[in-house]
Structure formats: structure tokens, C-alpha cells
Amino acid sequence: MVVVGKILVLIGSIFLFLGSLGIFRMPDVYNRLQAGTKATTLGALSLILGVGFMNGSFLVKSIVLIIFIVLTNPISSSTIARASHKAGIPLVKESVVDVCKDNVRKEEA
Amino acid sequence: MILGLSFVLIGLAVLFSTLRLLKGPSTFDRLLAADTLAIITTALLVLMASYFSRIIYMDVALVYSVLGFAGVVVVARYLEGGL
């Protein structure tokens with residue numbers, strides 16, 4: 001059980017590092033949201049579950065924290081994406097489609 | 001050994017997010033970096049609770065996660081213009 005917990009902690013920290021590297025390297029705010037939020041959510045979830053496996057007295061609070069992170073993290077990322085699209089942050093030059101472009105125009109008109 | 005490697009990786013993650021927080025071209029990049037820093041800090045607090053075997057740090061992590069989420073949502077709605 002302790003070995004499984006340590007492996008989960010290592011996987012979670014690797015995902016946290018990769019998500020943060022994606023935030024630093026990606027060209028656009030939407031790409032940064034895509035890279036940063038999902039990888040960081042999975043990394044934090046795996047790390048907290050690994051800590052809960054490593055010592056059993058932490059398991060209940062780990063599960064509470066996991067439920068809270070799973071519920072709230074997509075809300076914050078979606079709020080940031082909607083706010084940046086409404087504020088008119090342009091997409092990167094190579095992007096192909098912008099589905100929400102008509103909504104912005106309709107609200108302005 | 002594995003826990004030390006995890007601490008090093010989380011420290012590098014904090015470094016890259018802080019660079020984006022300082023550098024980011026628009027306000028939303030900085031807000032996204034602050035959101036990511038809140039999640040990374042929550043994970044780091046949980047890992048420190050396991051390392052020092054203090055269960056009170058889990059409560060600190062939970063409160064920090066709640067406050068980070070509320071702050072990010074409030075700032076995003078304010079920048080959107082419809083608080």
C-alpha cells in the first residue's frame with residue numbers, strides 16, 4: 001500500500017510539472033488553459049490520493065479534498081475561458097475554428 | 001527518495017508558473033497562472049502533511065483551496081464585466 005502511494009505521488013508530481021511547463025510554453029491563453037488546468041487537476045488528484053494511501057489516517061480528508069477539487073477546478077477554468085473570450089483576447093494565428101465568434105458579435109450588436 | 005524527487009518536481013512547477021505570472025502578456029494569463037499556483041500549493045501542503053505527519057495541514061490545504069477558487073472566480077467575473 002505504501003509503495004502504491006509513493007508511485008501515485010510521483011505520477012502526480014510529474015503531471016503537475018508537465019502542466020506548469022505547458023503553461024510556460026504554450027502560445028495562447030486558451031492553449032495555456034487547456035494544458036494547465038487539466039494536467040494540474042489530474043496531478044493534484046493523483047498526489048492527494050497517493051498521500052491518502054501512504055498513511056491511512058489521512059484517507060478521509062484526502063477524499064474530501066479530492067471531491068472538492070474535482071467539483072471546483074473545471075468551474076474556475078471555464079470561467080477564465082469565458083471571461084477572456086468576452087474580453088476579446090485573440091486566438092493564436094494557427095487556430096482553425098472559433099465556435100463562439102458569433103455569440104460575441106450578437107451580444108455587441 | 002521518491003518524496004524528494006516529488007518535492008523537486010513541484011518546486012520546478014512553482015518556478016514555471018511564477019515565470020508565467022510575472023511575464024504574461026494579458027491579465028488572463030496572470031489569472032490562470034495564479035489559479036495553477038493555488039492548485040500546486042494545495043498539493044504541496046498535502047505532501048508536507050504527509051512528510052511532517054501533521055494532519056492539521058490537510059485542513060489548511062482545504063481552506064486554501066476554497067479561498068483560491070473563490071478568488072479566481074471573483075476576479076474572472078470582474079474582468080468579464082458582470083460581477
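Residues numbered from 1 in each chain as written. Chains lettered and ligands numbered in written order. Predicted model: local features only at pLDDT ≥ 70, side-chain atom pairs only at ≥ 80, totals over all residues. Heavy atoms only, no water.

Draft legend 1. Spotlight on the pattern of salt bridges. The final tally for this structure, using the stated rule, is five salt bridges over all chains. With a shortest N-O distance of 2.4 Å, Asp29(B) and Arg32(A) are connected by a salt bridge. Placement of the pair is Asp29(B) in helix α2 (residues 27-52) and Arg32(A) in helix α2 (residues 29-54), with the two residues belonging to separate chains. For the residue pair Asp29(B) and Arg32(A), the accessibility class agrees, reading buried in each case. Residue Arg77(B) is joined to Glu80(B) by a salt bridge in which the shortest nitrogen-to-oxygen separation is 3.8 Å. One end of the pair is Arg77(B) and the other is Glu80(B), both in helix α3 (residues 56-80) and three residues apart, which spans about a single turn. If you follow the salt bridges from partner to partner, you end up with Arg82(A), Lys86(A), Arg77(B) and Glu80(B) in one network. (Salt bridge = Lys/Arg side-chain N within 4 Å of Asp/Glu carboxyl O. Helix = DSSP H or I, 4+ residues; strand = E, 2+ residues; numbered from the N terminus. Buried < 20%, exposed > 50% of the residue type's maximum accessible area, 1.4 Å probe, protein only.)

Draft legend 2. Spotlight on the packing of aromatic side chains. Counting across every chain of the model gives four aromatic pairs over all chains. Judged by centre distance (5.2 Å) and plane angle (80 degrees), the rings of Tyr51(B) and Phe52(B) are edge-to-face. Ring pairing ties together the aromatic residues Phe17(A), Phe24(A) and Phe16(B), which thus form one cluster. (Phe/Tyr/Trp six-rings, centres within 6.5 Å; stacked < 30°, edge-to-face > 60°.)

Draft legend 3. Spotlight on the packing of α2(A) against α2(B). Their axes nearest at 10 Å, the elements α2(A) and α2(B) cross at an angle of 10 degrees. Judged on the interaxial angle alone, α2(B) and α2(A) are roughly parallel. Residues Val29(A), Arg32(A), Leu33(A), Thr37(A), Thr40(A), Ala44(A), Leu47(A), Ile48(A), Val51(A) and Met54(A) of α2(A) pack against Phe28(B), Asp29(B), Leu32(B), Thr36(B), Ile39(B), Ile40(B), Ala43(B), Val46(B), Leu47(B) and Ser50(B) of α2(B). Within the contact of α2(A) with α2(B), the residues separate by chemical class into 14 nonpolar, four polar and two charged. (Axes fitted to C-alpha atoms, helices over the stretch in contact; angles between N-to-C directions. Parallel < 35°, antiparallel > 145°, perpendicular 65-115°, else oblique. Contact = heavy atoms within 4.5 Å. Nonpolar A, V, L, I, M, F, W, Y, C, P; charged D, E, K, R; others polar.)

Draft legend 4. Molecular detail of the interface of chain B and chain A. Opposite the 44 residues of chain B that make contact, chain A presents 43 residues. Interface area for chain B against chain A, summed over the two sides, is near 4,000 Å², with a carbon-plus-sulfur share of 78%. At the junction of chain B and chain A, the tally comes to four salt bridges. Residue Lys86(A) pairs with Glu80(B) through a salt bridge whose shortest N-O separation is 3.3 Å. The tally of links from chain B across to chain A stands at 10 residue pairs in polar contact (both at pLDDT 80 or more). Those elements that provide at least two residues to the side of chain B that touches chain A are α1 (2-23), α2 and α3 of chain B. A per-element tally of the side of chain B that touches chain A places α2(B) first, with 14 residues. (Buried area = accessible area lost by both parts, 1.4 Å probe. Polar contact = N/O pair within 3.5 Å; in protein donor to acceptor, adjacent residues only side chain to side chain.)

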